[in-house]
Amino acid sequence: MSDKLSLLKKAHELLDDVTPLKFNCGELCGAKCCKKSSTDSTENPGMLLFPQEELLINDDSFTIKESSDGKILICNGTCKRSLRPFSCRIFPFYVSISQDEKLTLKCDPRAFNTCPVSLKKKGTRHSVYFHRNVIRAVRILMQDEDFKRELIKTSDFCDGLYSFYRKMLQER
């Protein structure tokens, strides 16, 4: 097994038995993150995979497509939780990475219109075990330069969205 796959497997294993809530959060919203929107006729936009991550996922419930950003996994709405990619395992969160590589788990602003957990609604306080294991998993992935680059790219993008939203709200 390659070094990349070994790191991915360790990161996945840390998140096998923990979820954002102490119950299946898909029960809150009908698993909206796994389905295309009923109000949007486009397909499920999918989740970006880390380099080689598709090799850990061999299941008919997923379609993997190439994009300009890399490989994207598209879910058909049901899957074996043990086969989910890293991005699905931590959804609706991302890890913000500061210049000094301090890691902070934050709600992904791209999830706001999909996930009630991202909106911090009553009964959606996330598990401390989940939080701890996501941070541990990211530290493992950051040992690989390609993974680190992808994590920082996501962090910069999501942090930039928050900055944009703050500026928009201040102008009102």
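Small disclaimer: the values here were computed from a predicted structure and weren't measured.

Draft legend 1. Layout of the overall build of the protein chain. Looking only at helices and strands, the protein chain features 5 helices and 5 strands. Reading the protein chain from its N end, one meets helices and strands in the order α-α-β-β-β-α-β-β-α-α. Out of the 172 residues in the protein chain, the part that is buried amounts to 41%. Taking all contacts inside the protein chain whose residues are at least 6 apart in sequence as the whole, residues at least 24 apart take part in 66%. Accessible surface for the protein chain amounts to roughly 10600 Å². Of this, 51% is attributable to carbon and sulfur atoms.

Draft legend 2. Seen up close, the pairing of strand β4 (residues 93–97). Taken across its 5 residues, β4 has 5 buried, putting it largely inside the fold. Covered by surrounding structure in β4 are Phe93, Val95 and Ile97 together with Tyr94 and Ser96, the residues of both alternating faces. Looking at chain direction, β4 and strand β5 (residues 103–107) are connected through 5 bridges and run antiparallel. Counted as the bridge partner of Val95 is Leu105 from β5. The antiparallel hairpin formed by β4 and β5 contains 5 residues in its connecting segment, where Glu101 sits at a positive phi of about 65°.

Draft legend 3. Representation of the pattern of salt bridges within the structure. For the structure shown, the criterion picks out 11 salt bridges. For Glu13, the salt bridge goes to Lys9, with nearest N and O atoms at 3.9 Å. Taken together, the positions of Glu13 and Lys9, both in helix α1 (residues 3–14) and 4 residues apart, correspond to about one turn of that helix. A residue is classified by how much of its surface remains accessible, and Glu13, at 46% relative accessible area, is partly exposed. A residue is classified by how much of its surface remains accessible, and Lys9, at 39% relative accessible area, is partly exposed. For Lys71, the salt bridge goes to Glu66, with nearest N and O atoms at 3.7 Å.

Draft legend 4. Broad picture of the sheet that holds strand β3 (residues 70–75). Strand order in the open sheet formed by 3 strands is β1-β3-β2, and the pairing between neighbours is antiparallel. Only two strands of the sheet have a single partner each, and these edge strands are β1 (47–48) and β2 (62–67). Direction of pairing for β1 relative to β3: antiparallel, over a ladder of 2 bridges. Bridging across to β3, Met47 finds its partner in Leu73.

Rules behind the numbers
- Residues numbered from 1 in each chain as written.
- Predicted model: local features only at pLDDT ≥ 70, side-chain atom pairs only at ≥ 80, totals over all residues.
- Heavy atoms only, no water.
- Helix = DSSP H or I, 4+ residues; strand = E, 2+ residues; numbered from the N terminus.
- Buried < 20%, exposed > 50% of the residue type's maximum accessible area, 1.4 Å probe, protein only.
- Contact = heavy atoms within 4.5 Å.
- Areas by Shrake-Rupley, 256 points an atom, 1.4 Å probe, with all protein chains shown as cover.
- Pairing = 2+ DSSP bridges.
- Salt bridge = Lys/Arg side-chain N within 4 Å of Asp/Glu carboxyl O.

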